[in-house]
Amino acid sequence: MIQCFYKILSELLSHIQEITEQSYASIINNKSNKIRRMTKTLYLLQGHKFRNENIEATLACPKCEEIFKKEFPLDLEGQITEFKCPVCNSAREADLPSKGIELQEEFEYFPI
Ligand SMILES: [Zn+2]
């Protein structure tokens, strides 16, 4: 009876370990995908301002190297959004900043 219990328990543990390894692998995959996307298809974020209703981002196009300003709805903060470069018209993605992260950074910068 006890042996049987241990057998089930050890099977369960190895199964959990397998799931954990799989999810680590998928996290690493997601990260390397994101890095690959950043180098190839992302506009470079030069600066940004959070307003009441939108985010104003200053972006540089990696293809034509023009710098332009564009406004995005606040709902898109922290997300990747695709649109065409207003200068050369090629479709690329922008990785928009998140207000939460910014507040955290400010908090770290000015310790109480
Ligand atoms: Zn462009």
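Rules of the game
- Residues numbered from 1 in each chain as written.
- Predicted model: local features only at pLDDT ≥ 70, side-chain atom pairs only at ≥ 80, totals over all residues.
- Helix = DSSP H or I, 4+ residues; strand = E, 2+ residues; numbered from the N terminus.
- Buried ≥ 20, exposed ≤ 12 C-beta atoms within 10 Å, placed from the backbone.
- Contact = placed C-beta atoms within 7 Å.
- Pairing = 2+ DSSP bridges.
- Axes fitted to C-alpha atoms, helices over the stretch in contact; angles between N-to-C directions.
- pLDDT = per-residue confidence, 0-100.
- Core = buried A, V, L, I, M, F, W, Y, C linked by C-beta atoms within 7 Å.

Asker: Quick one: what's the story with the overall build of the chain, residue by residue and with numbers?
Answerer: The helix and strand inventory of the chain stands at 2 helices and 5 strands. Its helices and strands taken in sequence order, the chain reads α-β-β-β-β-β-α from the N to the C terminus. Among the 112 residues that make up the chain, the fraction classed as buried is 4%. Considering only intrachain contacts with a sequence separation of at least 6, the fraction spanning at least 24 residues in the chain is 31%.

Asker: Talk me through the sheet that holds strand β1 (residues 44–50); I want residue IDs and the actual numbers.
Answerer: Read across the open sheet, the 3 strands follow the order β1-β2-β3; overall the sheet is antiparallel. Of all strands in the sheet, those with a lone pairing partner are β1 and β3 (67–73), marking the two edges. This sheet shows a mean twist of 25° between the axes of neighbouring strands, independent of strand direction. Bridge count between strand β2 (residues 54–60) and β3: 7 bridges; the pairing is antiparallel. Residue Thr58 lies in a different strand from β3, and its bridge partner there is Lys69.

Asker: Summarise the confidence of the model for the chain; cite the residues concerned and give the values.
Answerer: Across the chain, the average pLDDT comes to 82, with 76% of residues at or above 70. Mean pLDDT across the elements of the chain ranges from a minimum in helix α2 (residues 99–109), with 62, to a maximum in β3, with 97.

Asker: Tell me about the nonpolar core, and please be specific about residues and values.
Answerer: Counting residues in hydrophobic clusters, the biggest one holds 5 residues: Tyr43, Ile55, Ala57, Leu59 and Ala94. Per-element accounting of this core gives the leading share, 3 residues, to β2. Ignoring anything within four residues of it in the chain, the contact list for Ile55 reads His48, Phe50, Glu71, Phe72, Leu74, Glu77 and Leu96.

Asker: Tell me about the environment of Ser98, and name the residues and values.
Answerer: Among the secondary structure elements, Ser98 is positioned in the loop between β5 (91–95) and α2. Judged by the 15 C-beta atoms lying within 10 Å of it, Ser98 falls in the partly exposed class. Ser98 sits 23 residues away from Asp75 along the chain, and the two C-alpha atoms are 9.9 Å apart. In this structure, Ser98 is in contact with Glu77 and Gly78, ignoring residues within four places of it in sequence.

Asker: Account for unusual backbone geometry, with residues named and values stated.
Answerer: Excluding glycine, most residues fall at negative phi; most peptide bonds, likewise, are trans. Positive phi values are uncommon outside glycine, yet Glu65 reaches one of about 65°. With respect to the secondary-structure elements, Glu65 resides in the loop between β2 and β3. Even without being a glycine, Asn89 presents a positive backbone phi close to 70°. Assignment of secondary structure puts Asn89 in the loop between β4 (80–84) and β5. Judged by the 10 C-beta atoms lying within 10 Å of it, Asn89 falls in the exposed class.

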